[in-house]
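Observations on the model geometry
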Amino acid sequence: TQVLGKSLRRGVVLSTGSFLVYEAHKLISGFAEVHASFKVEDVIEQADYLYGSGETEKLYRLLVQHKNSDDAELLWRLARSSRDLAQLGSTSAEEKRQLTYDSLEYAKKALEKNESNFAAHKWYGICLSDVGDYEGIKTKIGNAVIIKEHFQRAIELNPKDATTIHLIGIWCYSFAEMPWYQRKIAATLFATPPTSTFQEYTTNSHLKLFSCLYAADPNFYSKNLLFLGKTYLKLNNKKMALLWLSKAKEYPAQTEEDKQV
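The name an unreviewed UniProt entry assigns to the protein chain is Regulator of microtubule dynamics protein 1, from the organism Sylvietta virens. For the protein chain, the Sequence similarities (unreviewed entry) comment in UniProt is given as "Belongs to the RMDN family."

**Considering the pattern of salt bridges**
Per the stated rule, a full pass over the model turns up nine salt bridges. The partner of K113 in a salt bridge is D70, and the shortest N-O contact between them spans 3.1 Å. Residue K113 is located in helix α5 (residues 93–113), and its partner D70 is located in the loop between α3 (56–64) and α4 (72–87); the two are separated by 43 residues in the primary sequence. Relative accessible area serves as the criterion here: at 41%, K113 is assigned to the partly exposed category. Residue class for D70 comes out exposed when judged on its relative accessible area of 55%. For the salt bridge of K122 with D161, the shortest nitrogen-to-oxygen distance reads 3.2 Å. Within this pair, whereas K122 is found in helix α6 (residues 118–135), its partner D161 is found in the loop between α8 (144–157) and α9 (162–176), the two being separated by 39 residues in sequence. When its relative accessible area of 12% is taken as the criterion, D161 is described as buried. Among the charged side chains, a network of salt bridges with common partners joins D48, E73 and R77.

**As for the layout of surface pockets**
Roughly 1,700 Å³ of internal volume is contained in the largest pocket. Surrounding the largest pocket, 50 residues form its lining, R83, L167, Y221, K223 and E257 being those nearest its centre. Here the residues of the lining of the largest pocket sort into 23 nonpolar, 14 polar and 13 charged. Composition of the lining of the largest pocket by domain shows at least three residues from each of domain 1 (37–216) and domain 2 (221–260).

**Considering the packing of α3 against α4**
Contact geometry of α3 with α4 gives a least axis separation of 9 Å together with a crossing angle of 140°. Our classification of the angle between α3 and α4 gives oblique. Crossing of α3 against α4: the hand is left-handed. Of the residues in α4, those touching α3 at T56, E57, L59, Y60, L63 and V64 are L74, R77, L78, S81, S82, D84 and L85. Tallied by class, residues from the contact of α3 with α4 come to seven nonpolar, three polar and three charged.

**Looking at the nonpolar core**
Ranked by internal contacts, the top residues of the largest apolar core, which has 39 residues, are L63, L104, A110, Y124, F151 and W171. Only α2 (40–52), α3, α4, α5, α6, α8 and α9 provide two or more residues apiece to this core. Leaving out residues up to four positions away in the same chain, Y124 has contacts with L104, A107, K108, L111 and H150. Of all hydrophobic cores here, the second largest spans 11 residues; its members include I170, Y173, A241 and Y251.

**Quick word on α6**
Over its 18 residues, α6 runs 26 Å from end to end, which matches the ideal 26 Å to within 8%, given 1.5 Å per residue. A large share of α6 lies buried, amounting to 13 of its 18 residues. Regarding α6, its N-cap is N117, as a side-chain oxygen of that residue lies 3.0 Å from the backbone nitrogen of A119 further along. Following α6 by one or two positions, G136 adopts a phi angle in the positive range, close to 95°.

Conventions and cut-offs
- Residues numbered from 1 in each chain as written.
- Predicted model: local features only at pLDDT ≥ 70, side-chain atom pairs only at ≥ 80, totals over all residues.
- Heavy atoms only, no water.
- UniProt positions renumbered as here; feature names shortened; annotations may be inferred.
- Salt bridge = Lys/Arg side-chain N within 4 Å of Asp/Glu carboxyl O.
- Helix = DSSP H or I, 4+ residues; strand = E, 2+ residues; numbered from the N terminus.
- Buried < 20%, exposed > 50% of the residue type's maximum accessible area, 1.4 Å probe, protein only.
- 1 Å grid on protein atoms, 1.4 Å probe; cavity = no way out; pocket = protein on both sides within 12 Å on 5 of 7 lines; lining within 4 Å.
- Points joined across faces, edges and corners; volume = space filled by probe spheres on them.
- Nonpolar A, V, L, I, M, F, W, Y, C, P; charged D, E, K, R; others polar.
- Domains from an automatic or database assignment.
- Axes fitted to C-alpha atoms, helices over the stretch in contact; angles between N-to-C directions.
- Parallel < 35°, antiparallel > 145°, perpendicular 65-115°, else oblique.
- Left-handed = near helix turned anticlockwise from the far one by under 90°.
- Contact = heavy atoms within 4.5 Å.
- Core = buried A, V, L, I, M, F, W, Y, C linked by side-chain atoms within 4.5 Å.
- Expected span 1.5 Å × (residues − 1).
- Polar contact = N/O pair within 3.5 Å; in protein donor to acceptor, adjacent residues only side chain to side chain.

Have a look at this one:
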């Protein structure tokens, strides 16, 4: 009996030891699997799939886990997804504000990690413009030159990026449309205030850029069609304005911004 008891106790100890080894192995394997699942390339691939599928909330939940990442590719995507989430109609005003400021921080961090990343420059410019909506017209106009510099840098790094070319056009349109009181604010902020007129806007080929973007990819962006129409309207060409505004109206609305357009 004593021998049997010792044998049983020894068996329990061995079994317990084996169990602990097995559990440790599972734990280590689990860590390995988690580590493997967090490979930057895998996360980016999944993120791009979700972005293409319009899964705004899922995309944000995926990327926000990596907000402390040192990878610029992850960070600018997080900036974009934070902004997209802020644009949803279901997002509260308080959440929208927080997400807007968060997106700027993520874009800024992406730039710090890789100054040569064109998308980081593009999204920094976009997010800086969004933050201006909360900080007043003086700040928004004061940031205008910085925003344009980042868009221009993005184009230098990637001359074929249609979105950035579109954004430069929007920038010029905004200054051409600026009311007198905003021009007065601009004059107090800059020794030589940034300006643009619709005639200058057209001469500088920004209208042509919108048209070229449409020719290259008719379904590029609903807002591109809208601004083609608005620009022709400002130039008093109602026939062309009607053409482009009709195309904008008929554009298949997939995002919240498409619906606003």
